[in-house]
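What the coordinates show
The chain contents come next:
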Amino acid sequence: MGAVSRPERRSAEDPADVSLVRRIRAGDRGAVDDLYARFRRPAFALARRVLADDTLAEDVLQDVFLSVWRDPGAFDRTRDTFSSWLLAMVHHKAVDAVRREESQRRRHSRAEDERVLAAPTEVHDVEGEAWTRVVSERVRGALSTLPAAQREALTLAYYGGYTQREVAALTGAALGTVKTRMLAGMRRLKEELGGLAGGAPLGGALGGAAPVDGTSR
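Fair warning: this is a prediction, and the values are worked out from it, not measured in the lab. (Residues numbered from 1 in each chain as written. Predicted model: local features only at pLDDT ≥ 70, side-chain atom pairs only at ≥ 80, totals over all residues. Heavy atoms only, no water.)

**Observations concerning the packing of aromatic side chains**
The description of an aromatic ring pair uses the distance of the two centres, along with the angle that the planes make with each other. All told, the structure shown has 5 aromatic pairs when counted by the stated rule. Between Tyr36 and Phe65 the ring centres are 5.4 Å apart and the planes differ by 70°, which places this aromatic pair in the edge-to-face class. Of this pair, Tyr36 sits in helix α2 (residues 30-51) while Phe65 sits in helix α3 (residues 54-70), placing them 29 residues apart in sequence. For Phe65, a relative accessible area of 5% puts it in the buried group. On the basis of an interplanar angle of 45° and a centroid distance of 5.4 Å, the ring pair of Phe75 and Trp85 is categorised as tilted. One end of the pair, Phe75, is in the loop between α3 and α4 (82-118); the other, Trp85, is in helix α4, and 10 residues separate them in sequence. Under the relative-accessibility criterion, Phe75 is labelled buried at 5%. Classification of Trp85 by relative accessible area gives buried; the value is 17%. Through successive ring pairs, a cluster of aromatic residues spans Phe39, Phe75, Phe82 and Trp85. Looking at Arg40, its charged tip hangs above the ring of Phe44, at a distance of 4.6 Å from the centre. (Phe/Tyr/Trp six-rings, centres within 6.5 Å; stacked < 30°, edge-to-face > 60°. Helix = DSSP H or I, 4+ residues; strand = E, 2+ residues; numbered from the N terminus. Buried < 20%, exposed > 50% of the residue type's maximum accessible area, 1.4 Å probe, protein only. Lys NZ or Arg CZ within 6 Å of the ring centre and 35° of its normal.)

**Structural notes on the nonpolar core**
Counting residues in each nonpolar core, the largest one holds 47 residues, and the members touching the most others are Leu35, Leu51, Val64, Val68, Phe82, Leu86 and Leu154. Where this core is concerned, the elements lending two or more residues are α1 (15-25), α2, α3, α4, α5 (126-143), α6 (148-159), α7 (164-171) and α8 (175-193). Apart from the residues within four sequence positions on either side, Val64 is in contact with Leu86, Met89, Val90 and Lys93. (Core = buried A, V, L, I, M, F, W, Y, C linked by side-chain atoms within 4.5 Å. Contact = heavy atoms within 4.5 Å.)

**A look at empty space enclosed by the protein**
Applying the stated criterion across every chain, the model contains 1 cavity of 30 Å³ or more. Approximately 30 Å³ is the volume attributed to the largest cavity. Along its surface, the largest cavity is lined by Val95, Val98, Arg99, Glu152, Leu156, Leu170 and Thr171. For the lining of the largest cavity, the element with the most residues is α4, which contributes 3 residues. Residues belonging to the lining of the largest cavity are distributed by class as follows: 4 nonpolar, 1 polar and 2 charged. (1 Å grid on protein atoms, 1.4 Å probe; cavity = no way out; pocket = protein on both sides within 12 Å on 5 of 7 lines; lining within 4 Å. Points joined across faces, edges and corners; volume = space filled by probe spheres on them. Nonpolar A, V, L, I, M, F, W, Y, C, P; charged D, E, K, R; others polar.)

**A word on unusual backbone geometry**
Look at Ala52: it is not a glycine, yet its phi comes out positive at around 55°. As for its placement among the helices and strands, Ala52 is situated in the loop between α2 and α3. Judged by relative accessible area, which is 37%, Ala52 ranks as partly exposed.

The following block contains the structure:
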């Protein structure tokens, strides 16, 4: 048998990228401007698609380019091309930003709930609020029993308001996989909750039906 050779890389490194990385590693400050000019458009388009917010997308780009300047050694050209590595970093940081925004949104929602409950002079629909909280607690408990992938997809869709196509982009899973996870998760939730007999339907408990395509949210 002949010697086993290493598999060829999927795509050759762009010489311009090689030169750019070399200049960054040498501390050439002008290379940062060239890095921004070369990759700003595709990087911004990717971040904007994940975040759906221009300001947050620009913040992600600044973070990524600053990270490259501070630690150019993080790029390993034996494993990937520079452009693929850079865009993968953009996607990763954009997803992190989505999760931070969602966490802040949840904290704000909890703070608002506490403020409303603490207001003694306001008149509340006590029975309705009590039922809503019971449903919410049961749904959270049921979600915690799901496999992580199903729980993540349903949480992003029904609490975050993302479409199935956007959930696929956020999680890095295929759209068909996301649909399968959500369907299986919904079936499990119905079994756990028993349809919330006598109360709100499951879709309402989760915040309404999530759009199935990527056209609106």
